[in-house]
Structure formats: structure tokens, C-alpha cells
Amino acid sequence: MNTLAISPLKIGTLRRLTASHPFFADWDVERLKAVEPYCRMVQAVQPAVLLELGAVDPYAYFLLAGEIGLEGAGGERRRIAAGELDAGFPVAHLRPSRYRVQARPGAQLLRIEGSQLKRFAVRRAAARFHINESSVGGSWRSHPLVTALLRQLRAGTLEVPSMPGIALRIRRALAKDDYDLAGVAAIVSADPGIAGRLIRVANSAVFGGQSSCDSVQAALVRLGVARAQNLVFGLAARELFQARNPFVKERMVAAWRHAIDIAALAAVLARLTPGMDGDRGLLMGLLHEIGALPILKLAEQFPDLDGRAALLDEILGGLTPEITATVLEQWGFHEDFREAALQQGNYFRDHDGDPDYTDVLVVAHLHSMVRQRAFHRLPRIDETPAFARLALGKLSPQLSLVVLDEAKSQVQELKALLS
């Protein structure tokens, strides 16, 4: 007797089965129709092994009813029941599988060919400034702010923040083969606030300050011009997060605090990963949601959003990645910055080859919200391809957090320097 019953699905049944499943919440009928030929219903008649440890099974499984058990290489065991947070994501998603998965009698699962799931399952980024209040009825896409913003974006008239002047001047100076270090120091020194903070950064333990730097030029020598350029850009970007309207100002403050948090984590994670640059991770974290600024500036023209925080958060979550990519393109940043901004919420993004900075950004987000995992409906860190690719992917999620706890002083100092 077969312990697993596997049967094809019609589109009507597929729609019914996925209607209440959180992973498919943003799937429209056309996407379901496209993936339907690659779907099967799997039912456990008796206890049955779904995946062996180390298996390279080409399918993704979603638990619809009943329970499954997972056992890791170290003997650790856990149970997942339908309706729980972990049941909202693909089961044992990584290949080779990190778990031996057993379906309990009565368990029902949706099986989808992994290549097709990867093709169709583009995840929407999670809202970053979500607060604990009741959900908003209707669609955020119908608000006049969204209509105006998309119209301006398509017409090329959206008012995006200008690259900070000091950052632009340094970039132009360093573009010359025969740039003069004293000239670069003069550009930085013209802004006393940034000059003072750059010296403070150079003297910090994070950047190896053992003897004191007392001039901008000495700070540039210690840091190196490439690192200093990234830091000046980050320090200058802080000044862009300003607003007069109280409810918009509150969101600006939240946006910058979030950027600092992600930047500090991204810097540590990048330094822990061979072949990656912590300074580049830092700057990418600081700028990864710079597209929130034009949205919030435009929001000042819509006073009805004052007091409708959840609606504004949905708008920010839905549009910030694309607009961030637009801003970074206008500022002349490399494609990896834009890709990271667009894919920051795609927790199941997979790719061939070595880890990239999008992987760093994804894992930084997961770590930053680890204590809010259920609230934000986040997957387990060890079930994401990004985690597996980074150096931390060789560890368990628990050891990953231990590593970050050991680096806590570095993270806190970076946050203090950038606040």
C-alpha cells in the first residue's frame, strides 16, 4: 500500500486550497493558472518520509492540513502544524535538504515543481514601519498618493532627492587618476559637521583607531579613500531625512533608524563573508530604502494620511523598493545596489554562484526582526537561500545569533556613529 497519495489539481481546487494560505496571499488568478500544471496534492495515508536529509528533491512543499515532523543532522526535532507560522512558507525549502521530513497520517501538502515556484513566486517586500493596529480595508493601490506617484514615476517627473553635494564633489574628485588627498580633505572639511564625525569614526574601535586622528587628512589616511567615501556618503544621507509635517517627520525618523540598524548588521555580515566588503555592506544598508523619501515628501500633500499610519505603511512597503532603485540609478550607483533594493523582501530569492550583497541585505533584515518574526510573518533564517550562501550559512540559526551577539559592540558603535 502506498503511504503517499499524489493527485493532480484543477485550477478551481488550487484556488480553494491557496485562498487562505499566507504564502499565496498576493497571487492573482493568472499566476495560479500558470503554475497549476506543475502542482500536485500529496496526502499521507500512513506515516511517510517526504524528504530525506540531504535530498535534492526538485519539489517545494506547502503544508495545508495536519502535521509534519522535521529532524536535522544534529538530531534536533521539531513539529509543524497547519496554520502555524512556519506552515506559511515552503517546507524544508533549501537543497540539499537540511531536514528529514516525515508527514504524519492525514497530512495534506501542496507540491509544486521548485523551478516553477522560483519563476512565479516574486515576493512583495514587507512594510518596514508597520505598527500594531488594525488592518486597513481596501487596497493601498487606490489611494491618490499612489496614483500621483506612479504617474510622476512613469513621466520621469518624480522629485527624487539630489545626491548630497559633499558626496558628489568627493566622487568627482576621486574619479581623477591624479586626485589629491589634500584636495579631498578640503572638500570634507568644508562641512564641519561631517568632518568632525568622520574623524570620530576614524578614531573609533570599529575602524581600528588606536592612536588619535586630529585632522580630516589623517582620518582619510587611516580609513582609506574608498572607505571614507562610503562613510561620507552615509553621513551626508542622514541630512536628507528631514520633514516639517509631524506625521511625516515621525516616519522619516523611523526610516533612518531602520537604515542604521540594517547598515550595521549588513556591515558585520559582509565582513564575516569571504570576498565581501563590510564598508560596501554598510553603505548599501544605509541607502537600501532611500526611495521612502520621495514617497514621504509627496505624502505631505495628502493630509488624510495623518492618523492613517497603517495605510501609509502599506504604501511605503509596496513602492519603496522600486523607487529606491530609481533613485540609486539616478545617483549612478552600481547595479548590485539597485538589485538589493528591489529584492530586499524576496526571502526565497535564489541564484547561482557566490553570495552577493542582496543575500547580505536579506539576512540583515531577518536578523533585525528576529524577535518580531511572527508579527512580520518572516521565514526561519535557516530556510532561506541567502543564509545558506553567506559564511553564516555553515552555522545554525542559534549560532548565527551568537556570532552577532559577539559583534554586538561593533553593531552598537556603528549605530551610535551614524545616529
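Residues numbered from 1 in each chain as written. Predicted model: local features only at pLDDT ≥ 70, side-chain atom pairs only at ≥ 80, totals over all residues. Heavy atoms only, no water.

**Things to note about the overall build of the chain**
Within the chain one finds 19 helices and 8 strands. Taking 419 residues into account, the globule formula puts the C-alpha radius of gyration at 22 Å, and the chain, at 24 Å, falls close to it. Considering only C-alpha atoms, the chain reaches an extent of 80 × 50 × 35 Å along its principal axes. When burial is assessed residue by residue, the chain has 52% of its 419 residues classed as buried. Summarising the internal contacts of the chain: among those between residues at least 6 apart in sequence, 74% fall at separations of at least 24. Surface accessibility of the chain: about 19200 Å² in total, with carbon and sulfur atoms responsible for 49%. Distance from the positive charge centre (49 side chains) to the negative charge centre (45 side chains) of the chain: 3 Å. (Helix = DSSP H or I, 4+ residues; strand = E, 2+ residues; numbered from the N terminus. Rg over C-alpha atoms; globule rule 2.2 N^0.38 Å. Buried < 20%, exposed > 50% of the residue type's maximum accessible area, 1.4 Å probe, protein only. Contact = heavy atoms within 4.5 Å. Areas by Shrake-Rupley, 256 points an atom, 1.4 Å probe, with all protein chains shown as cover. Lys, Arg positive; Asp, Glu negative; His and termini not counted. Charge placed at Lys NZ, Arg CZ, Asp CG, Glu CD.)

**Side note on the pairing of strand S7 (residues 99-103)**
In regular strands, side chains alternate between the two faces of the sheet. Of the two faces of S7, the one lined by Tyr-99, Val-101 and Ala-103 is fully buried and the one lined by Arg-100 and Gln-102 carries no buried residue. In the sheet, strand S3 (residues 48-51) pairs with S7 via 3 bridges, with the strands oriented antiparallel. Directly across from Ala-48, in S7, lies its bridge partner Ala-103. (Pairing = 2+ DSSP bridges.)

**Considering the side chain of Arg-349**
Mapped onto the fold, Arg-349 is located in the loop between helix H14 (335-343) and helix H15 (357-368). Here the side chain of Arg-349 touches Asp-356 through a polar contact of 2.6 Å, side chain to side chain. (Polar contact = N/O pair within 3.5 Å; in protein donor to acceptor, adjacent residues only side chain to side chain.)

**A few points about the pairing of strand S8 (residues 108-113)**
Looking at chain direction, strand S2 (residues 39-44) and S8 are connected through 5 bridges and run antiparallel. Paired with Met-41 across the bridge in S8 is Leu-110. The sheet contact formed by strand S4 (residues 59-65) and S8 spans 6 bridges and is antiparallel. What sits directly across from Leu-63, in S8, is Leu-109.

**Things to note about empty space enclosed by the protein**
Counted according to the given criterion, the structure contains 5 cavities of 30 Å³ or more. The computed volume of the largest cavity comes to approximately 80 Å³. Looking at the largest cavity, the residues that line it are Leu-70, Arg-78, Ile-80, Asp-86, Phe-89, Pro-90, Val-91, Ala-92, Arg-373, Pro-379, Arg-380 and Glu-383. Of the residues that constitute the lining of the largest cavity, the class distribution is 7 nonpolar, no polar and 5 charged. (1 Å grid on protein atoms, 1.4 Å probe; cavity = no way out; pocket = protein on both sides within 12 Å on 5 of 7 lines; lining within 4 Å. Points joined across faces, edges and corners; volume = space filled by probe spheres on them. Nonpolar A, V, L, I, M, F, W, Y, C, P; charged D, E, K, R; others polar.)

**Let's talk about the sheet that holds S4**
With antiparallel pairing, 4 strands are arranged side by side in an open sheet as S1-S2-S8-S4. Edge positions in the open sheet fall to strand S1 (4-8) and S4, since each of these has one partner strand only. On average, each strand axis in the sheet is tilted by 25° relative to the strand beside it, whichever way the strands run. (Axes fitted to C-alpha atoms, helices over the stretch in contact; angles between N-to-C directions.)

**Things to note about the sheet that holds S3**
Sheet strands pair by backbone hydrogen bonding; their relative direction is either parallel or antiparallel. Spatially, the 4 strands line up as an open sheet ordered S3-S7-S5-S6, and their pairing is antiparallel. One side of each edge strand has no neighbouring strand; the edge strands of this open sheet are S3 and strand S6 (77-81). Taking each pair of neighbouring strands and ignoring which way they run, the sheet shows an average axis angle of 30°. Taken together, the 5 bridges between strand S5 (residues 67-72) and S6 define a ladder with antiparallel strand orientation.

**What about the packing of helix H13 (residues 309-330) against H14?**
Packing of H13 against H14 leaves a shortest axis separation of 7 Å and a crossing angle of 170°. The angle between the axes of H13 and H14 places the two elements in the roughly antiparallel class. For the pair formed by H13 and H14, the contact residues are Pro-321, Glu-322, Thr-324, Ala-325, Leu-328 and Glu-329 on the first element and Phe-337, Arg-338, Ala-341 and Leu-342 on the second. Of the residues in the contact of H13 with H14, the class split is 6 nonpolar, 1 polar and 3 charged. (Parallel < 35°, antiparallel > 145°, perpendicular 65-115°, else oblique.)

**Things to note about the confidence of the model for the chain**
Of the residues in the chain, 91% reach a pLDDT of 70 or more, and the chain-wide mean stands at 84. Of all secondary-structure elements in the chain, the lowest mean pLDDT belongs to helix H16 (residues 373-376), at 69, while S8 reaches the highest, 95. Overall, residues 129-137 carries pLDDT values under 50, and its contacts beyond four positions in sequence, including any with other chains, amount to 21 contacts. (pLDDT = per-residue confidence, 0-100.)

**Side note on the pattern of salt bridges**
The final tally for this structure, using the stated rule, is 20 salt bridges. Of the charged contacts in the structure, one is a salt bridge between Glu-67 and Arg-104, with a shortest N-O distance of 3.3 Å. Within this pair, whereas Glu-67 is found in strand S5, its partner Arg-104 is found in the loop between S7 and S8, the two being separated by 37 residues in sequence. The partly exposed category is assigned to Glu-67, whose relative accessible area is 29%. In this structure, Arg-349 engages Glu-339 in a salt bridge whose closest nitrogen and oxygen atoms are separated by 3.7 Å. Of this pair, Arg-349 sits in the loop between H14 and H15 while Glu-339 sits in helix H14, and the two are 10 residues apart along the sequence. Residue Glu-339 is classed as partly exposed on the basis of its relative accessible area, which comes to 24%. Linked through salt bridges whose partners overlap, the residues forming this network are Glu-67, Arg-79, Glu-84 and Arg-104. (Salt bridge = Lys/Arg side-chain N within 4 Å of Asp/Glu carboxyl O.)

**Quick look at the side chain of Thr-18**
Following the sequence through the fold, Thr-18 ends up in helix H1 (residues 11-18). Assessed through its relative accessible area of 4%, Thr-18 is described here as buried. Among the polar contacts listed, one links the side chain of Thr-18 to the backbone oxygen of Leu-14, at a separation of 2.8 Å. Beyond its immediate stretch of four places on either side in the chain, Thr-18 contacts Phe-24, Leu-32 and Leu-110.

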